[in-house]
Amino acid sequence: MTVPGSRRDPGPRICLAVLPTPLVRARRLERVLGCGPIYVKRDDLSGFGVSGNKARPLEFLIGDALAQGADVLVAGGAPSSNFCAAAALAARTVGLDCDLIFAGPPPTTPSVNVELARAAGARLCFDVVATREELDAAVVAHAESLRSLGRRPYAVPRGGATAVGAAGFACAAKELAEQCEAIGITPEVVVVATGSGGTQAGLVAGQVGFALPWRVVGASVSRPADTMSGLILRLSQDCADGLGLTRPAVADVDVCDLVGPGFGIASTEDRLSARLALQHEGLLLDDYYGAKAMTMLRGLLETACPTPVVFWHTGGVSAALTTLTRGAPT
Ligand SMILES: *Cc1c(COP(=O)(O)O)cnc(C)c1O
């Protein structure tokens with residue numbers, strides 16, 4: 001498949017998501033926030049399991065794995081990882097095995113994403129390493145041990161954040177541009193939650209590469225903003241290189257620190273953000289990502305951020321529902 005406007009084929013892709021995801025105006029939220037037009041890009045409705053934004057990178061990662069003749073996908077994360085659950089589902093739909101490496105012991109209370117991965121048929125490996133920081137190396141080591149047993153593993157770092165995966169979001173930037181053109185709007189700012197950085201990197205590669213008129217601003221939810229901006233810049237440049245697009249520069253990467261009380265822990269403002277989105281628009285935002293991105297959007301609008309803005313709803317349905325039923329996700 002070729003991305004229109006790019007000079008190079010983005011590589012093999014399988015079909016997981018139902019695209020384009022809807023772009024919907026949030027008039028009731030605009031009224032309570034007293035601001036100009038807000039549009040919501042509904043990647044929570046990406047149509048593959050409850051994968052949200054993760055369906056997009058997995059289309060390219062699984063495509064690449066199949067093209068390389070892999071027979072087992074190896075990924076890792078926290079028990080709460082949306083990526084691990086989505087990867088398990090995606091692997092099984094094309095007949096790949098899936099081994100998942102988790103940091104630490106099995107969760108003591110059932111985790112929706114762990115149980116989804118298990119139900120999909122993934123092999124779950126707990127206690128391989130103690131911390132999230134050690135996961136990427138553990139994924140590579142596990143892949144090597146599989147290779148020595150004669151298997152053909154395809155290793156994916158945390159969050160699927162590779163140049164190959166980010167291509168899914170470069171395509172998504174183009175998809176948004178086409179939707180905006182069809183309804184005659186020109187967004188000023190696109191707001192997105194940033195975890196591993198793959199989503200923002202791909203959106204930036206697409207924004208720069210296709211000369212789209214908006215600024216992408218990421219809400220970093222787990223690591224300091226300066227750490228993330230360096231990672232995102234490199235990843236967006238690798239992604240652009242892979243697609244034959246113009247490389248993003250330092251000034252194209254805009255990250256704000258929204259970690260607050262911690263990854264997956266909502267501040268008072270984050271709770272208000274989630275409540276506003278739910279009660280005025282029927283949008284489910286989770287404590288890991290969506291609520292913090294909405295807090296950032298509210299902050300930007302208070303400092304007279306130009307509109308229209310697009311709020312990229314990345315998903316997080318399983319954590320949002322877990323919080324509602326239990327108080328805090330695992
Ligand atoms: C993974 C995820 C993100 C962040 O995407 P990254 O590519 O890891 O930065 C945002 N929101 C949700 C719901 C996610 O699952």
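Residues numbered from 1 in each chain as written. Predicted model: local features only at pLDDT ≥ 70, side-chain atom pairs only at ≥ 80, totals over all residues. Heavy atoms only, no water.

**Side note on the overall build of the chain**
For step 1, the next point in the chain: Helix and strand content of the chain: 11 helices and 10 strands.
For step 2, the next point in the chain: Relative to the 2.2 N^0.38 estimate, which gives 20 Å for 330 residues, the radius of gyration of the chain is 19 Å and therefore close to what a compact globule would have.
For step 3, the next point in the chain: Along the three orthogonal principal directions, the C-alpha set of the chain runs to about 60 × 50 × 35 Å.
For step 4, the next point in the chain: When the 330 residues of the chain are sorted by exposure, 59% land in the buried category.
For step 5, the next point in the chain: Taking all contacts inside the chain whose residues are at least 6 apart in sequence as the whole, residues at least 24 apart take part in 76%. (Helix = DSSP H or I, 4+ residues; strand = E, 2+ residues; numbered from the N terminus. Rg over C-alpha atoms; globule rule 2.2 N^0.38 Å. Buried < 20%, exposed > 50% of the residue type's maximum accessible area, 1.4 Å probe, protein only. Contact = heavy atoms within 4.5 Å.)

**Regarding the side chain of Asp-99**
For step 1, the next point in the chain: Inspection of the secondary structure assignment puts Asp-99 in strand E4 (residues 97-103).
For step 2, the next point in the chain: Its relative accessible area of 4% is what places Asp-99 among the buried residues.
For step 3, the next point in the chain: Only 2.8 Å separates the side chain of Asp-99 from the side chain of His-142, close enough to count as a polar contact.
For step 4, the next point in the chain: In contact with Asp-99, not counting residues within four places along its chain, are Val-72, Leu-73, Val-74, Ala-75, Arg-123, His-142 and Leu-146. (Polar contact = N/O pair within 3.5 Å; in protein donor to acceptor, adjacent residues only side chain to side chain.)

**Notes on the sheet that holds strand E2 (residues 38-42)**
What links the strands of a sheet is backbone hydrogen bonding, and the strands pair in either a parallel or an antiparallel sense.
For step 1, the next point in the chain: Reading across the sheet, the 6 strands line up as E1-E2-E10-E7-E8-E9 and stay open at both edges, with mixed pairing between neighbours. Across the chains shown, the open sheet's two edge strands, defined by having one partner strand only, are strand E1 (23-25) and strand E9 (254-257). Strand-to-strand twist in this sheet, taken as the mean axis angle between neighbours without regard to direction, amounts to 25°.
For step 2, the next point in the chain: Inspection of the sheet shows strand E7 (residues 189-194) paired to strand E8 (residues 215-220) by 6 bridges, in the parallel sense. (Pairing = 2+ DSSP bridges. Axes fitted to C-alpha atoms, helices over the stretch in contact; angles between N-to-C directions.)

**Brief notes about the sheet that holds E4**
For step 1, the next point in the chain: Pairing in this open sheet of 4 strands is parallel, and the strands run E5-E4-E3-E6 from one edge to the other. The sheet is open, and its two borders are formed by strand E5 (123-129) and strand E6 (153-155), each paired with just one other strand. Pairwise comparison of adjacent strand axes, ignoring direction, gives a mean angle of 25° for this sheet.
For step 2, the next point in the chain: In terms of strand pairing, strand E3 (residues 72-77) meets E6 through 3 bridges, oriented parallel. Bridging from a neighbouring strand, Leu-73 pairs with Tyr-154 of E6.

**Quick notes on the site of the ligand**
For step 1, the next point in the chain: What surrounds the ligand is a group of 14 residues, the closest being Lys-54, Asn-82, Ser-196, Thr-199 and Thr-314.
For step 2, the next point in the chain: Gly-198 has a polar backbone atom sitting 3.3 Å from an oxygen atom of the ligand.
For step 3, the next point in the chain: Within the side chain of Thr-314, a nitrogen or oxygen atom sits 2.5 Å from a nitrogen atom of the ligand.
For step 4, the next point in the chain: Bound to the protein, the ligand loses 97% of the 380 Å² it would expose on its own. (Near = heavy atom within 4 Å. Areas by Shrake-Rupley, 256 points an atom, 1.4 Å probe, with all protein chains shown as cover.)

**Considerations on the pairing of strand E10 (residues 309-313)**
For step 1, the next point in the chain: Along E10, 5 of the 5 residues are buried, which leaves the element largely enclosed by surrounding structure.
For step 2, the next point in the chain: Residues Val-309, Phe-311 and His-313 point to one face of E10 and Val-310 and Trp-312 to the other, with burial holding for every one of them.
For step 3, the next point in the chain: Pairing of E2 with E10, which is carried by 5 bridges, proceeds in the parallel orientation. Across the sheet, residue Tyr-39 finds its bridge partner in E10, namely Val-310.
For step 4, the next point in the chain: In this structure, E7 lies alongside E10, joined through 3 bridges in parallel fashion. Paired with Val-191 across the bridge in E10 is Phe-311.

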